[in-house]
Amino acid sequence: MKITEALFAEHLVFHSMFDHIEAAAPRLKTLAEVKSLATLMEQLLKAHSDTEDELFIGPLEHCFEQIGQRDAFLEEHQEIDDSLRNIQGARRLKKARQLLLAAVAYSRKHFDKEERIVFPMAERVLNGKTLTALGQKWMEQRARAAAPVA
Ligand SMILES: [Fe+2]
Ligand SMILES: [Fe+2]
């Protein structure tokens, strides 16, 4: 599997998670519920963003630089992570909910940009062998993360 296909498949899972969070947020009654959803989203997204940082930025660095997006790409991952972490400091349910929905909206925008610009750029610039080799690395990383701790 090509890395772009693997990451796109992960995006599909996130899109349904975002739909779920947006639908559930108005019904959440406690601060703890909002915070636990934020933690879940933070942890799942972190693994995805780390993979993109590790496997993508390196081979595509010159292209990101050409379109002036290198720093933006890395910063957006950091901003999403920070915004989700900030929710843990919220004292009021309404505020926490607002922050969570803002983080979801921002993540959606970031994902959209990757799907429209970054993934197609990777497909254009990297050859099939490289895309598949990166896909293999992704598979190994995910298998390691899922392996039970001895
Ligand atoms: Fe990303
Ligand atoms: Fe992504």
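Everything below is about the structure printed above this text.
Values in this document were obtained by computation on a predicted structure and should not be read as measured data. (Residues numbered from 1 in each chain as written. Chains lettered and ligands numbered in written order. Predicted model: local features only at pLDDT ≥ 70, side-chain atom pairs only at ≥ 80, totals over all residues. Heavy atoms only, no water.)

Draft legend 1. Structural context of the packing of aromatic side chains. Taken as a whole and assessed by the stated rule, the structure comprises five aromatic pairs. Relative to phenylalanine 119, the ring of phenylalanine 56 has its centre 5.9 Å away and its plane inclined at 55 degrees; by these criteria the two rings are tilted. Taken as a pair, phenylalanine 56 in helix H2 (residues 31-66) and phenylalanine 119 in helix H4 (residues 93-125) lie far apart in primary sequence, 63 residues in all. Like phenylalanine 119, phenylalanine 56 is buried. Among the aromatic residues, those joined into a cluster by ring pairs are Phe14, Phe18 and Phe111. (Phe/Tyr/Trp six-rings, centres within 6.5 Å; stacked < 30°, edge-to-face > 60°. Helix = DSSP H or I, 4+ residues; strand = E, 2+ residues; numbered from the N terminus. Buried < 20%, exposed > 50% of the residue type's maximum accessible area, 1.4 Å probe, protein only.)

Draft legend 2. The coordination of the iron ion (ligand 1), seen in detail. The coordination sphere of the iron ion (ligand 1), as far as protein atoms go, consists of Glu52 (OE), His77 (NE2), His110 (NE2) and Glu114 (OE), spread over 1.9 to 2.2 Å. Here the iron ion (ligand 1) binds four donor atoms, and the angle range of 82 to 165 degrees at the metal identifies the geometry as irregular. Ordering the donors of the iron ion (ligand 1) by residue number gives the pattern E-x24-H-x32-H-x3-E. (Donors = N, O, S within 2.8 Å, 3.2 Å for Na, K, Ca; no water. Tetrahedral: all angles 85-135°; square planar, octahedral: opposite > 155°, others 65-115°.)

Draft legend 3. Summary view of helix H5 (residues 128-146). For H5, built from 19 residues, the straight-helix expectation of 27 Å at 1.5 Å per residue is met to within 8% by its first-to-last C-alpha distance of 27 Å. Leu131, Leu134, Gly135, Trp138 and Gln141 are the residues of H5 that are buried. In an axial view of H5, the angular spread of the buried residues amounts to 120 degrees, which keeps them on one side of the axis. For H5, the exposed residues set more than 90 degrees away from the buried face come down to Lys129 and Arg144. For H5, the elements touching its buried residues are helix H1 (3-24), H2 and H4. Where H5 begins, one side-chain oxygen reaches toward the backbone nitrogen of lysine 129, 3.1 Å away; that side chain belongs to asparagine 127. (Expected span 1.5 Å × (residues − 1). Arc of directions from axis to C-beta. Contact = heavy atoms within 4.5 Å. Polar contact = N/O pair within 3.5 Å; in protein donor to acceptor, adjacent residues only side chain to side chain.)

Draft legend 4. A look at the pattern of salt bridges. Applying the stated rule across the entire model yields nine salt bridges. Its salt-bridge partner being arginine 85, residue glutamate 42 comes within 3.4 Å of it at the nearest N-O pair. You can see glutamate 42 sitting in helix H2 and its partner arginine 85 sitting in helix H3 (residues 70-86), a full 43 residues away along the chain. For glutamate 42, a relative accessible area of 14% corresponds to the buried category. The salt bridge involving arginine 85 is made with aspartate 81; its shortest N-O contact spans 2.5 Å. With a gap of four residues between them, arginine 85 and aspartate 81 both fall in helix H3, about one helical turn apart. Arginine 85 gets classed as partly exposed once you look at its relative accessible area, which sits at 43%. Under the relative-accessibility criterion, aspartate 81 is labelled buried at 11%. (Salt bridge = Lys/Arg side-chain N within 4 Å of Asp/Glu carboxyl O.)

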